[in-house]
Amino acid sequence: MSEAVSVADHGARREVTLTRPARGNALADETVGALTAALTEAERDGVRLLVLRGEGRNFCTGFDLSDLAETDDAALLARFVRIEMLLARVWTAPFQTLALAQGRVFGAGADLFAACGRRMAIEGARFSFPGAAFGLVLGSRRLAVRTGPEAAMELIASGREIDAERARSLGLVSRVIGEDEVEAMLEEETACAGRLDSATAAGIRGALAEHTGLVDADLANLVRSAVRPGLKDRITAYRERARAAAASRAEGRARAAD
């Protein structure tokens, strides 16, 4: 398995952990490839419950754009297509999926979280969907399934951060737990996932699936948004605005402390 993730089995539960904490577990190409491979292996091995976690302070802070200066629109499009295909795999997985998130859950990381069937947030987690600011339509329908179209539109259009309790009230988060509750929660979810045999569980998930047949439309929407000329320029402009806003907030905090 790639160094971008680690994999550990706990009975009927398999935990896949993003292991690039210095980069906020942001989704680099290597990470997306490793997660896709982990999904394939979980299906092959008859895993009942797949848990996605993030090492360190944050679950996942979104796309890894550390190489933005050296890339171009075509490479970015390919990268976003691979991420959308990963999200679709999580959304339609034949086994139970559970995201356990702490810290920042931003952008594509929040989309990954929303794609999971069960979504647990540790107290203090924060969520944001800023991708529309640089013109991408990614994860919008899946978010609307979780929160309803009106709330999804507000989260996407504003890009604002919300805390775990607000995310729970909207339906994005299934449950908010403390650090000391994690192991008990995982054991409970594992027991629940292991109660039914794999074929029965997969059949029930298929019967209950919401809009599973629209995954191709999700991909088409993403591609249409990403192929507009100037994708790299839009991302660059967004990053500059975000950095300026962060610097302004830091300056305001410093003045308030004086």
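Before reading on, note that the structure itself is shown above.
Now for a look at the structure at hand. Here the structure is a predicted model, which is why all the values come from computation and not from measurement.

### Side note on the overall build of the chain
Helix and strand counts for the chain stand at 10 helices and 9 strands. On C-alpha atoms alone, the chain measures out to a radius of gyration of 18 Å, which is about the 18 Å that the 2.2 N^0.38 rule sets for 258 residues. Along the three orthogonal principal directions, the C-alpha set of the chain runs to about 55 × 45 × 40 Å. Here the chain holds 258 residues, and 45% of them are scored as buried. Sequence-distant contacts, at least 24 apart, represent 73% of the contacts inside the chain between residues at least 6 apart. Summed over its atoms, the accessible surface of the chain is roughly 12200 Å², and 52% of this surface lies on carbon and sulfur atoms. Of the charged side chains in the chain, 34 are positive and 37 negative, and the gap between their average positions amounts to 3 Å.

### Description of the packing of helix α2 (residues 73-91) against helix α4 (residues 140-147)
The axes of two packed helices give the description: the angle between them and the distance between them. At their nearest, the axes of α2 and α4 sit 11 Å apart, and the two run at 35° to each other. In contact with Glu84, Leu87, Ala88 and Trp91 of α2, α4 contributes Arg141, Arg142, Val145 and Arg146. When its residues are assigned to classes, the contact of α2 with α4 shows 4 nonpolar, no polar and 4 charged.

### Overview of helix α10 (residues 231-257)
Across its 27 residues, α10 extends 39 Å between first and last C-alpha, which sits within 8% of the 39 Å expected from 1.5 Å per residue. Taken as a whole, α10 has its buried residues at Leu231, Arg234 and Ile235.

### Considerations on the nonpolar core
Among the nonpolar cores identified, the biggest contains 63 residues, and Leu35, Phe59, Phe63, Phe113 and Phe127 are the most heavily contacted of them. If we ignore the near neighbours within four places in the chain, the residues touching Phe113 are Phe59, Ala99, Ala101, Val105, Arg119, Met120, Phe127, Leu172 and Val173. If you look at the next biggest cluster of nonpolar residues, it comprises 11 residues, including Leu100, Ile122, Ile177 and Leu186.

### With respect to the side chain of Thr31
In this fold, Thr31 is placed in helix α1 (residues 29-45). Under the relative-accessibility criterion, Thr31 is labelled buried at 1%. With residues near it in sequence (within four places) discarded, Thr31 still touches Ala4, Val5, Leu18, Arg20 and Ala26.

### Let's talk about the sheet that holds strand β4 (residues 96-101)
Taken together, the 6 strands give an open sheet; going across it, the order is β1-β2-β3-β4-β6-β9, and neighbouring strands pair in mixed fashion. Looking at strand neighbours, the two that pair on one side only are β1 (5-10) and β9 (175-177), the edges of this open sheet. Averaged over all pairs of adjacent strands, the angle between strand axes in this sheet comes to 20°, irrespective of strand direction. Sheet analysis places strand β3 (residues 49-54) next to β4, joined by 4 bridges and oriented parallel. Residue pairing in the sheet places Leu52 in a bridge with Ala99 of β4.

Reading guide: rules and limits
Residues numbered from 1 in each chain as written. Predicted model: local features only at pLDDT ≥ 70, side-chain atom pairs only at ≥ 80, totals over all residues. Heavy atoms only, no water. Helix = DSSP H or I, 4+ residues; strand = E, 2+ residues; numbered from the N terminus. Rg over C-alpha atoms; globule rule 2.2 N^0.38 Å. Buried < 20%, exposed > 50% of the residue type's maximum accessible area, 1.4 Å probe, protein only. Contact = heavy atoms within 4.5 Å. Areas by Shrake-Rupley, 256 points an atom, 1.4 Å probe, with all protein chains shown as cover. Lys, Arg positive; Asp, Glu negative; His and termini not counted. Charge placed at Lys NZ, Arg CZ, Asp CG, Glu CD. Axes fitted to C-alpha atoms, helices over the stretch in contact; angles between N-to-C directions. Nonpolar A, V, L, I, M, F, W, Y, C, P; charged D, E, K, R; others polar. Expected span 1.5 Å × (residues − 1). Core = buried A, V, L, I, M, F, W, Y, C linked by side-chain atoms within 4.5 Å. Pairing = 2+ DSSP bridges.

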